[in-house]
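# Structure at a glance
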Amino acid sequence: MNENASNDNIRYPRTVFIRRHSIITRFTHWLNVLCLSFLLLSGLQIFNAHPELYWGQYGADGDPAFLTIGADDAGDKPQGFVRIAGLKSPTTGVLGVSNVDGEPTKRAFPEWITIPSFQDLAVGRRWHFFFAWLFVINGLLYLGFSLVSGHLRRDLAPKTEELSPRHLGQEVLDHARLRFPKGEKARHYNSLQKLTYLAVIVVLLPLMVLTGLTMSPGVDAAVPVLVEIFGGRQTARTIHFITASGLVLFVVVHVAMVILSGTWNNIRSMITGRYAIREEGPNA
Amino acid sequence: MSTFLTRRRFLIGSTLGASALMLSGCDILGQNTDVEEVLHSAEQLTMKAQRALQGRGALAREFDEKDISPSFRVNGTSAPDSDEYAQLLENKFETWRLKVDGLVERPRDFSLADLKNLPARTQITRHDCVEGWSAIGKWTGVPLANLLQVVGLKPTARYVVLHCADELEQTLDGSGRYYESIDLIDAMHPQTILAYGMNDKDLSVGHGAPLRLRVERQLGYKQAKYIMRIELVDSFAGLWGGNGGFWEDRGYEWYAGI
């Protein structure tokens, strides 16, 4: 692996390191992890204060709900349930009713997944809005940098040929078989990665911010068009919840892919920027 | 394969362990006063940003009759539990007087008839509870700005404090008494009214009879019910918990624009 050796002397296969992620991408990625973790867990605390979702401008106890996490008093023990669009399923132990100090207690999300663990809307809101600000500032830093540096255009925007059904179909098959790009192809994101990251960066995350802001009576007075776009404060609240669920799903798949396609190599590339690629050589 | 399994077990184990640590850590951190202060700083940022976006005049959206919620949830106190209030209710608030004092030029009392003789405003607006639900209702009342004009503000007046008849928490020292405060920007806003009517009827007991505040660019807990006295102050630091309201003294934001 002598750097000065001529091409003839390089022994293949060999491992080369490339610079995968810029310092801004790495920094904002981890700050984003921190922010989204706090936002999700404090968000569930806030949800617990009124565990029902509605469509439209208004919605409260008497109005038809799209989603309810609740508890029925059947006999001496309360039974937790989730009801979505009229379909009800029992969820005792996790949703609706879960243990607090060993006692089955009525609460939508259980104490091990909310910040704070005990029921306290005021404290949950403090955590949520603090990290909401940090998240927005961090997001703007990332977007500004990515636009100016060309990261979005160069690394994330898919090329036309990558969007052909045949190409995409092949990539879906490869992913399903856990065959990940190697060598030269591993230098860049594949098109499924590009499309997913773009969806998260320009659709899901901005949607979280905008639906969050739409729930604010102060922002609604200043920017009335927000409520118009989403069709009501309660619709915005419901979309906020659904989009957050989408982000959780993304994180689950993302982390699984990180683990399956080379855990330490991937994590290292997001910490130090260095990413190892195995080169099979010109004749391979 | 075996290293992979250990690695996976390690990853799962450490993630679960870390999140449990993080969660209980947050409970402790959230109660630490320094951390509390840092988290609290977001409120100032929110208020400044919203006020800058709004300017003074931006109006909350007003709806049509057909948008009114079929049922409007009664929240907080559903009926103040005191002999004084029971008596007022019995005589249909004939003897109720709104006392306006503090840093005003001409302190005085207003009867319900006095208030109804002042120019009124009617608005159909959305009420947003801090818990997350919303209800739309039609409110009729006196713009607070008009009332403040009648009594005249002293130059040092900065906040309007609303003292209420309801005790949301029964305490010996009276600190469970509901109160709220807003600054003069919100007090002078055209949609800030002292409402005596709701959905074309007199305000019901559940919704704050005889008089409640509507400050439409903020959340529900700012909309004080059962108002007995309006006091103009230069600071609310000396009142009860010192945070400017019943819920504010229990950890909620004074600026409830989000």
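Because the structure is predicted, anything quoted here is derived from the model rather than measured.

Moving on: the overall build of chain B. Scanning chain B for helices and strands turns up six helices and ten strands. For chain B, the spread of C-alpha atoms along the principal axes amounts to about 85 × 45 × 40 Å. Counting every position in chain B, which comprises 258 residues, the buried fraction comes to 38%. For chain B, the proportion of contacts with a sequence separation of at least 24, taken over those separated by at least 6, is 68%.

Let us look at the nonpolar core. Counting 73 residues, the largest nonpolar core has Phe131 of chain A together with Val160, Leu162, Cys164, Leu194 and Ile227 of chain B as the members making the most contacts within it. Ranked by the residues each element gives to this core, the list is headed by helix 2 (residues 121–149) of chain A, at eight residues. For Ile227 of chain B, the contacting residues outside a window of four places in its chain are Leu98, Leu162, Cys164, Leu194, Leu211, Arg212 and Leu213 of chain B.

Looking now at the interface of chain B and chain A. Listed per partner, the contact involves 39 residues of chain B and 34 residues of chain A. When contributions to the side of chain B that touches chain A are tallied by element, the ones reaching two or more residues are helix 1 (2–31), helix 2 (33–54), strand 3 (121–128) and strand 4 (134–143) of chain B. Here the side of chain B that touches chain A gets eight residues from one element, more than from any other, and that element is helix 2 of chain B. Looking at the side of chain B that touches chain A residue by residue, the class counts come to 16 nonpolar, 13 polar and ten charged.

Between Tyr12 of chain A and Pro13 of chain A the backbone carries a cis peptide bond, its omega angle lying at -10°. You can see Pro13 of chain A is positioned in the segment before strand 1 (14–19). The step from Ala209 of chain B to Pro210 of chain B runs through a cis peptide bond, and the omega angle for that step is 5°. Assignment of secondary structure puts Pro210 of chain B in the loop between strand 8 (201–202) and strand 9 (212–214). A positive phi angle, close to 65°, is found at Phe93 of chain B, a residue other than glycine. If you trace the backbone, Phe93 of chain B turns up in the loop between helix 3 (83–90) and strand 1 (98–102). A count of 19 C-beta atoms within 10 Å places Phe93 of chain B in the partly exposed class. For Tyr226 of chain B, which is not glycine, the phi torsion reads 50° and is therefore positive. With respect to the secondary-structure elements, Tyr226 of chain B resides in the loop between strand 9 and strand 10 (227–233).

Moving on to the sheet that holds strand 3 (residues 67–74) of chain A. Paired through backbone hydrogen bonds, the strands of a sheet run either parallel or antiparallel to each other. Taken in spatial order, the four strands line up as 2-3-4-5 (chain A) in an open sheet, and their pairing is antiparallel. The sheet terminates laterally at strand 2 (52–53) and strand 5 (87–90) of chain A, the two strands that pair on one side only.

Residues that lie three or four places apart on an α-helix share one face, since the helix turns once every 3.6 residues. Residue and element names in this part refer to chain A. In this model, helix 1 (residues 23–49) (27 residues) spans 39 Å end to end at C-alpha, consistent with the 39 Å of a helix rising 1.5 Å per residue. Three or more residues of helix 1 are buried, namely Thr28, Cys35, Phe38, Leu39, Leu41, Ser42, Gly43, Leu44, Gln45, Ile46, Phe47 and Asn48. Where helix 1 is buried, its residues meet strand 7 (103–107), helix 2 and helix 8 (233–260).

All right, on to the packing of helix 1 of chain A against helix 8 of chain A then. All names here are of chain A. At a minimum axis distance of 12 Å, the contact between helix 1 and helix 8 shows a crossing angle of 140°. Our classification of the angle between helix 1 and helix 8 gives oblique. Helix 1 and helix 8 meet at a crossing whose hand is left-handed. On helix 8, the residues touching Leu36, Leu40, Gly43 and Phe47 of helix 1 are Phe241, Ala244, Leu247 and Val248. When the residues that make up the contact of helix 1 with helix 8 are grouped by side-chain class, the tally is seven nonpolar, one polar and no charged.

All names here are of chain A. Per the domain assignment, the segments of chain A are domain 1 (13–51 + 112–279) and domain 2 (52–108). Between the C-alpha centres of domain 1 and domain 2 there is a distance of 29 Å. On the domain 2 side, the residues contacting the twelve residues of domain 1 number 14 residues. A total of six residues in the side of domain 1 that touches domain 2 trace back to one element, the largest contributor, which is helix 8. The residue makeup of the side of domain 1 that touches domain 2, split by class, is three nonpolar, seven polar and two charged.

Let's shift gears to the environment of Val160 of chain B. Residues and elements named next belong to chain B. Note that Val160 resides in strand 5 (residues 159–167). For Val160, a count of 27 C-beta atoms within 10 Å gives the class buried. Here the alpha-carbon distance between Val160 and Leu184, two residues 24 residues apart in the chain, equals 7.0 Å. Apart from the residues within four sequence positions on either side, Val160 is in contact with Leu144, Ser181, Ile182, Ala187, Ile230 and Leu232.

Now for the sheet that holds strand 2 (residues 108–110) of chain B. Residue and element names in this part refer to chain B. Spatial ordering of the open sheet is given by 2-1-10-5-6, a layout of five strands whose pairing is mixed. Among the strands making up the open sheet, the edge pair consists of strand 2 and strand 6 (177–183). The average undirected angle you get between the axes of adjacent strands in this sheet is 20°. Where strand 1 lies against strand 2, three bridges are found, and the strand directions are antiparallel. In the sheet register, Leu98 faces strand 2, and the bridge partner there is Phe110.

With that settled, consider the confidence of the model for chain A. Looking at chain A as a whole, the pLDDT averages 93, with 96% of positions reaching at least 70. Here residues 1–5 of chain A is a poorly scored stretch, pLDDT under 50, and it has two contacts once near neighbours within four places are set aside; other chains count.

To continue, consider the pairing of strand 7 (residues 193–198) of chain B. All names here are of chain B. By the criterion of burial, strand 7 is predominantly enclosed, with five of the six residues buried. Pairing of strand 4 with strand 7 involves five bridges; the strand directions are antiparallel. Paired with Val142 across the strands is Leu194, a residue of strand 7. Pairing of strand 7 with strand 9, which is carried by three bridges, proceeds in the antiparallel orientation. Note that in strand 9 the partner of Ile193 across the bridge is Arg214. Linking strand 7 back to strand 8 in an antiparallel pair, the connection comprises two residues, with Asn199 at a positive phi of about 50°.

Analysis parameters
Residues numbered from 1 in each chain as written. Chains lettered and ligands numbered in written order. Predicted model: local features only at pLDDT ≥ 70, side-chain atom pairs only at ≥ 80, totals over all residues. Helix = DSSP H or I, 4+ residues; strand = E, 2+ residues; numbered from the N terminus. Buried ≥ 20, exposed ≤ 12 C-beta atoms within 10 Å, placed from the backbone. Contact = placed C-beta atoms within 7 Å. Core = buried A, V, L, I, M, F, W, Y, C linked by C-beta atoms within 7 Å. Nonpolar A, V, L, I, M, F, W, Y, C, P; charged D, E, K, R; others polar. Pairing = 2+ DSSP bridges. Expected span 1.5 Å × (residues − 1). Axes fitted to C-alpha atoms, helices over the stretch in contact; angles between N-to-C directions. Parallel < 35°, antiparallel > 145°, perpendicular 65-115°, else oblique. Left-handed = near helix turned anticlockwise from the far one by under 90°. Domains from an automatic or database assignment. pLDDT = per-residue confidence, 0-100.

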